[in-house]
Amino acid sequence: MMNNVYWLVAILVLASAFGLFRRWNEGRTKVDNHRVIVSAQQIGSPLGDRATLLQFSSAFCAPCRTTKVVLAKTASIIDGVNHVEIDAESHLELVRELEITRTPTTLVLDKDGRVRNRAVGVPRQDELILVLAATV
Amino acid sequence: MSNQQLDVRGPRFGAVITTIVLAIVFLAQGTAIATALLLLQTTAFAIGAFVGPHAQPYGLLFKKFVKPRISPATKFEDPQPPRFAQAVGLGFAVTALLGLAIGSATVTAVAVGFALAAAFLNGAFNFCLGCEMYLLIKKFA
């Protein structure tokens, strides 16, 4: 019985550490060094004249909806920025190439479609706007 | 199957109850109480996964006893993500029961441990299992 108590505490401590780490990291816009180029054809939608916010979503993903709102709003306030949401499940090749591990993931593409930044989780709009200002 | 939007607090409340139930199952491993609670939790997961979150027993408790006493819902969500989470929980719970059936206490303990961690993350951090696991499954399926 005493052993079970220790195990239970260990599980809760580990889960809390994981949860806190995830919360801290959630939606941070990070520089992406893969430098992959994405074409309009691959995402089935034209790239923005200055930048594109490429959102990967999936079924069973509640924060994907919030992300959609944040990105659509961001794209609407900055000229030449497109928001493109694609279903990860139906673009598995792209998902592998771009190393998307979970949804929502947002990639900031420059005008040539080159991946510049990546945010996993609901993006923080202020960070996104700063990144876009540097990209466009 | 119902597609009506859920008060987001419902599944979260359910995750807290699930965490408590699974913690008791974990602590009481090897006793009749643990087995009975595990069966109850498995049934709850199965209803949540197959019928939907609107019929999940803890969701019904929330609707009947908690909701009338708190402020009106301001945030709603689609029932599909919590339904996926219930299916993941069901997978762990069934594995735990299989462990009991084949007499492996380790299999049961590990499966209950994972289900407990997932429910705890869901309840305490609003962790989205579907966001993490669905794409992973699709990538390797």
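Residues numbered from 1 in each chain as written. Chains lettered and ligands numbered in written order. Predicted model: local features only at pLDDT ≥ 70, side-chain atom pairs only at ≥ 80, totals over all residues. Heavy atoms only, no water.

### With respect to the state of the cysteines
- For the structure on display, the rule yields two disulfides over all chains.
- Between Cys61 of chain A and Cys64 of chain A runs a disulfide, and the two sulfur atoms are separated by 2.0 Å. Across the S-S bond linking Cys61 of chain A and Cys64 of chain A, the dihedral sits near 90°, which makes this disulfide right-handed. Assigned by exposure class, Cys61 of chain A and Cys64 of chain A land together as buried.
- Two residues, Cys128 of chain B and Cys131 of chain B, share a disulfide whose sulfurs are 2.1 Å apart. Judged by the sign of its S-S torsion, about 80°, the cystine formed by Cys128 of chain B and Cys131 of chain B is right-handed.
- With a relative accessible area of 16%, Cys128 of chain B lands in the buried category. (Disulfide = S-S within 2.5 Å. Buried < 20%, exposed > 50% of the residue type's maximum accessible area, 1.4 Å probe, protein only.)

### Section: helix α1 (residues 9-27) of chain B
- With 19 residues, α1 of chain B should cover 27 Å at 1.5 Å per step; its first-to-last C-alpha distance of 27 Å lies within 8% of that length.
- Of the positions making up α1 of chain B, those classed as buried are Gly10, Gly14, Ala15, Thr18, Thr19, Val21, Leu22, Ala23, Val25 and Phe26 of chain B.
- Residues of α1 of chain B that are buried sit in contact with α1 (2-25) of chain A together with β1 (6-7), α2 (32-50), α3 (57-66) and α5 (105-125) of chain B. (Helix = DSSP H or I, 4+ residues; strand = E, 2+ residues; numbered from the N terminus. Expected span 1.5 Å × (residues − 1). Contact = heavy atoms within 4.5 Å.)

### Structural notes on the interface of chain B and chain A
- Between chain B and chain A, the contact holds 26 residues from the first and 30 residues from the second.
- Overall, the association of chain B and chain A removes approximately 2500 Å² of surface from exposure, summing both partners, and the carbon and sulfur fraction of that is 71%.
- Taken as a group, Leu27, Leu135 and Lys139 of chain B account for 25% of the area that chain B buries against chain A, more than any other trio of residues on that side.
- At the boundary of chain B and chain A, one finds four salt bridges.
- Between Arg65 of chain A and Asp78 of chain B there is a salt bridge, and its shortest N-O distance comes to 3.9 Å.
- Linking chain B with chain A are eight residue pairs in polar contact (both at pLDDT 80 or more).
- Listing elements by their share of the side of chain B that touches chain A, those giving two or more residues are α1, α4 (80-102), α5 and α6 (129-140) of chain B. (Buried area = accessible area lost by both parts, 1.4 Å probe. Salt bridge = Lys/Arg side-chain N within 4 Å of Asp/Glu carboxyl O. Polar contact = N/O pair within 3.5 Å; in protein donor to acceptor, adjacent residues only side chain to side chain.)

### Quick notes on the packing of aromatic side chains
- A full pass over the atoms with the stated rule returns eight aromatic pairs over all chains.
- Aromatic pair Phe18 of chain A and Phe127 of chain B: ring centres 5.7 Å apart, planes at 65°, arrangement edge-to-face. Note that Phe18 of chain A is positioned in helix α1 and Phe127 of chain B in the loop between α5 and α6, a pairing that runs across two chains.
- Members of the aromatic cluster, joined through ring pairs, are Phe60 of chain A together with Phe84 and Tyr134 of chain B. (Phe/Tyr/Trp six-rings, centres within 6.5 Å; stacked < 30°, edge-to-face > 60°.)

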